[in-house]
Amino acid sequence: MSKVIPNVALVIPVLSLLFLPAVSADCSPYNIYSVDSIGIINGWLLLGIGENTYTCEMIAGEWTPVLIGVPSEYYILTDGDKAVFLGGTDIGRETFPGFVNGTLYVLTVNMAHVPYKNVTITIEGVPHNFTLLKNVTVKALYRFNGVCFENVSACKIVSYPNGTKINTCNWFIWNVSNYKIPGGSLTGVPVRIENGTVHFRLGRGYSLALPEGVNTSVLKLEAFKAEHGLVLVNRGAIKVPAGKGVEDIPVLFLVDGKTVRSPKFVDLEKFVCAKGGANTTSSTANSVVENMSKKSICGPGFVVLLAVLGLLTVRILRRW
């Protein structure tokens, strides 16, 4: 009888799910982006873009959007002709921009778990193979000179499960607490939108055509003057389905003749000045990101422990 009761207890919740009343299904995960700050450095606009992610949870019998995690922050630098995507907060990768003595620095941190050693553990005479992982963190520091980013320094920190750590970060500004972000935010010239055309006055009057397919209902544009052209920034909240990145949303437009175009973003690593071994730094960081996407986020010791416990549990259950 003691073996039957657990089975009955398992069946009841399953049957109850079949007879639950129908609930609304008009909920799907989405992101909300907004431009939180606009600063200027050497004629370039520095945009800070916030991201809030919402998922769906069952609350009081209805699917309800719920904010998950903490807001992420992304950064874009533009001079009115080019747009550089500096990066933001992603799994295994973080970007920290800031000013030190009036100069813009960007610190990128890439973290990954990389296999380094295979071990064999014998349990009751049966060998089991495991792969130990090491934690690898690559830091790269860039300095903006008004034209491109100089690769100031790079370093690597490797941590092993036995507590050994190899650190090559010997110098320069690795402490982001020294970074200063200008307080407040610039305010641009309001832009009026009529029938797919934008109108604003910045020195003189402009009437420019928007790109086809842009949803004007999500636009709340302001115009700014940068070193090499005019920039239109969307100051409204932008709601998009989950999975769309900040490069895919209508947050920034550049003036091109009599029209307005969406920029083609260049990654920070591709906007590094052609000197000082920038290619080596870029390839190192990219290899770490690729490894990160293929490996577990769990620590190596924790992975081995879970595997061993799982095997022991199977042995015990078989004896029962």
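Just so you know, these numbers come straight off a predicted model, no measurement behind them.

(A) Geometry of the overall build of the protein chain. Check the secondary structure of the protein chain and you find 3 helices and 19 strands. Looking at the protein chain alone, contacts between residues at least 24 apart form 56% of all its contacts between residues at least 6 apart. Carbon and sulfur atoms provide 57% of the accessible area of the protein chain, an area that totals close to 18400 Å².

(B) Highlighting the pairing of strand β12 (residues 197-202). The sheet contact formed by strand β11 (residues 192-194) and β12 spans 3 bridges and is antiparallel. Its bridge partner lying in β12, arginine 192 is registered against histidine 199. Where β11 folds back on β12, the antiparallel hairpin that results is connected by 2 residues, among which asparagine 195 adopts a positive phi of roughly 55°. As judged from the 6 bridges shared by β12 and strand β13 (residues 204-209), these two strands associate in the antiparallel manner. Among the inter-strand pairings, leucine 202 is bridged to a residue of β13, identified as arginine 204. Once β12 ends, the chain turns through 1 residue before running back antiparallel as β13, passing glycine 203 with a positive phi of about 85°.

(C) Expanded view of a negative patch on the surface. Together, Asp90, Glu247, Asp248 and Asp267 give the surface a local cluster of negative charge. Summarising the element assignment, aspartate 267 is placed in strand β19 (residues 265-267). With relative accessibility at 35%, the residue aspartate 267 sits in the partly exposed group.

Cut-off values and rules
Residue numbers here run from 1 along each chain, matching the order of that chain's written sequence. Residues qualify for local features only when their pLDDT is at least 70, as the model is predicted, and side-chain atom pairs are given and counted only at 80 or more; totals for whole chains, interfaces and linings, by contrast, use all residues. Only hydrogens and water are removed before side-chain values are computed, so all heavy atoms of the structure are retained for them. In this text, helices come from DSSP runs of H or I with a minimum length of four residues, and strands from runs of E with a minimum of two, each type numbered from the N-terminal end. Only heavy atoms matter for contacts: two residues are in contact if any of them lie within 4.5 Å across the pair. Calculation of accessible area relied on Shrake-Rupley with a 1.4 Å probe; when residues are assessed, cover is drawn exclusively from the protein chains displayed. In short, DSSP must find at least two bridges between two strands for them to pair. Patch membership is restricted to residues that have no salt bridge and whose relative accessible area is over 30%. Joining uses 9 Å for like charges and 5 Å for the nonpolar side chains Val, Leu, Ile, Met, Phe, Trp and Tyr. The salt bridge criterion pairs a side-chain nitrogen of Lys or Arg with a carboxyl oxygen of Asp or Glu, the two atoms within 4 Å. When charges are counted, Lys and Arg contribute as positive and Asp and Glu as negative, whereas His and the chain ends are disregarded. The location of each charge is read from NZ of Lys, CZ of Arg, CG of Asp or CD of Glu. For every residue, the accessible area (1.4 Å probe, protein chains only) is compared with the maximum for its type, and the residue is labelled buried under 20%, exposed over 50%, or partly exposed between those bounds.

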